[in-house]
Amino acid sequence: MEILEEIKNTDSLEKLEELRVGLFGKKGSLAAEFARLKDIPPAEKKEFAANLNEKKALLQNALDERFEFLKSAQMEQKLKSEYIDVSLYNRLTKNGALHPVMETMEKIIDYFVALNFSIEDGPMVEDDFHNFEALNLPKHHPARDMQDTFYFNDGSLLRTHTSPVQIRTMMQSKPPIRIIAPGSVFRRDYDLTHTPMFHQVEGLVVDDKGKISFANLKHILTDFLQHMFGEVDVRFRPSFFPFTEPSAEVDISCVFCKGDGCRVCSHTGWLEVLGCGIVDPNVFKAVGYKDVSGYAFGLGVERFAMLMHAIPDLRSLFEGDNRLLEQFR
Ligand code: PHE
């Protein structure tokens, strides 16, 4: 049958469908042949019908076979054109990460938040009262030289420490107080270990008279420093701050030489890491507090980050150099 050949050679599903309609459609050639059945003499009818049915089955078979073939060929074509090479290299995206200073800050904050300290904030542009006066640093007091200050023409200034947040918190609320105040501070200083902007975390605890002692301060700071630096020795050295009395500077045994003496600790075996003390009565007077006791401490976050990560030059933390930052991802 010629038509069988034609079906076998059809090269598209559309053409195959045309052939199918031409054969099996309502007006198709098979329908026409079946219509002839009624004119066939009864003696031949049976054979004619049998032939016709056989032909119909043959054609149907051929159409089905060709349909399957073309369909799978089409699928193969599609798979080929939509092929994805999963072994190709990805265009790698870079993950960001916290800056070492922020990461250190978060670690510090986490420690104190777990002990129920709340976090306080204050303005970076301060006034003389909050940054100095109320902290027992009257005008012309020589201790003001401890901090080289950036002043604006109107007398306001960039806060030189986070201690003004102590004053703002105490003036806004009543004891008991248990806060930390993380933030940026500013001083006119620039060398290996000083930048004009750096970060501090301030701590302040105030409660009724007699409730807060130096022992409490010593205990919490020792535990805090061992949490941050691991198994280090902690030493409290008498010192001076206008806003605390008595005051201390706190050292840890050198994390680089384990106390033997090296360049980083200037061969002393110790590294100074924070300042602290019992809140001076003059500070409580300035904020109108009576019959209370408290301790305060302040630390430099960059210094912590440098010691924790053995970063030799403080300034490298602020240069935005990815080669440095990528080491902390
Ligand atoms: N404010 C002090 C400084 O910046 C640190 C400090 C805070 C010391 C609280 C004692 C108590 O150097």
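In this convention, every chain numbers its residues from 1, walking through the sequence in written order. Local features in a predicted model are, by the rule used here, given only for residues with pLDDT of at least 70; side-chain atom pairs are given and counted only at 80 or more, and totals for whole chains, interfaces and linings are based on all residues. For the side-chain quantities, the full set of heavy atoms in the structure was used; hydrogens and water were omitted.

*Asks:* What exactly am I supposed to notice about the packing of helix α5 (residues 100-114) against helix α8 (residues 214-229) here?
*Replies:* For any two helices packed against each other, the geometry is given by the interaxial angle and the distance between the axes. Throughout, an axis means a line fitted to C-alpha atoms (over the contacting stretch in the case of helices), and angles, computed between N-to-C directions, take values from 0 to 180 degrees. Strands here mean DSSP runs of E at least two residues long; helices mean DSSP runs of H or I at least four residues long; both are numbered from the N terminus. Here α5 crosses α8 at 140 degrees, and the two axes come no closer than 11 Å. One finds that α5 runs oblique with respect to α8. The hand of the α5/α8 crossing is right-handed. Residue-level contacts link T104, K107, I108, Y111 and F112 of α5 to I220, D223, F224, H227 and M228 of α8. Nonpolar residues are Ala, Val, Leu, Ile, Met, Phe, Trp, Tyr, Cys and Pro. Charged residues are Asp, Glu, Lys and Arg, and all others, Gly as well, are polar. Looking at the contact of α5 with α8 residue by residue, the classes come out as six nonpolar, two polar and two charged. Between 65 and 115 degrees an angle is taken as roughly perpendicular, under 35 as roughly parallel, over 145 as roughly antiparallel, and anywhere else as oblique. Note on convention: near helix rotated counterclockwise from far helix by under a right angle means a left-handed crossing. Clockwise means right-handed. Any two residues whose heavy atoms approach within 4.5 Å at even a single point are treated as in contact.

*Asks:* Help me understand the domain arrangement of the protein in this model?
*Replies:* Many structure descriptions define interface size as the accessible area lost when the parts assemble. For the domains described, the bounds stem from an automatic or database domain assignment. Domain annotation for the protein reports domain 1 (2-90) and domain 2 (100-328). In this structure, domain 1 and domain 2 have C-alpha centres spaced 88 Å apart.

*Asks:* Just to check I follow, could you spell out the packing of aromatic side chains for this structure?
*Replies:* The geometry of an aromatic ring pair is captured by the separation of the ring centres together with the interplanar angle, meaning the angle of the planes. When the centres of two rings from Phe, Tyr and Trp lie within 6.5 Å, Trp using its six-membered ring, the rings pair. Their planes under 30 degrees apart give stacked, over 60 give edge-to-face, and anything left gives tilted. As enumerated under the stated definition, the model contains 10 aromatic pairs in all. Aromatic pair F112 and F224: ring centres 4.8 Å apart, planes at 45 degrees, arrangement tilted. You can see F112 sitting in helix α5 and its partner F224 sitting in helix α8, a full 112 residues away along the chain. Note on classification: 1.4 Å probe, protein chains only; a residue is buried when its accessible area is under 20% of the maximum for its type, exposed when over 50%, partly exposed between these limits. You can call F112 buried: its relative accessible area is 0%.

*Asks:* For this particular structure, what's the right way to read the site of the ligand?
*Replies:* Here, proximity means that at least one heavy atom of the residue falls within 4 Å of the molecule or strand. With respect to spatial proximity, 15 residues lie near the ligand, and among them H161, S163, R187, Q200 and G298 are the closest. Within the complex, 91% of the 330 Å² of free accessible area of the ligand lies under protein. Taken together, the elements giving at least two residues each to the shell around the ligand come down to β5 (197-208), β8 (270-279) and β9 (292-300). Each accessible area is a Shrake-Rupley result for a 1.4 Å probe, and residues are judged covered by the shown protein chains and nothing else.

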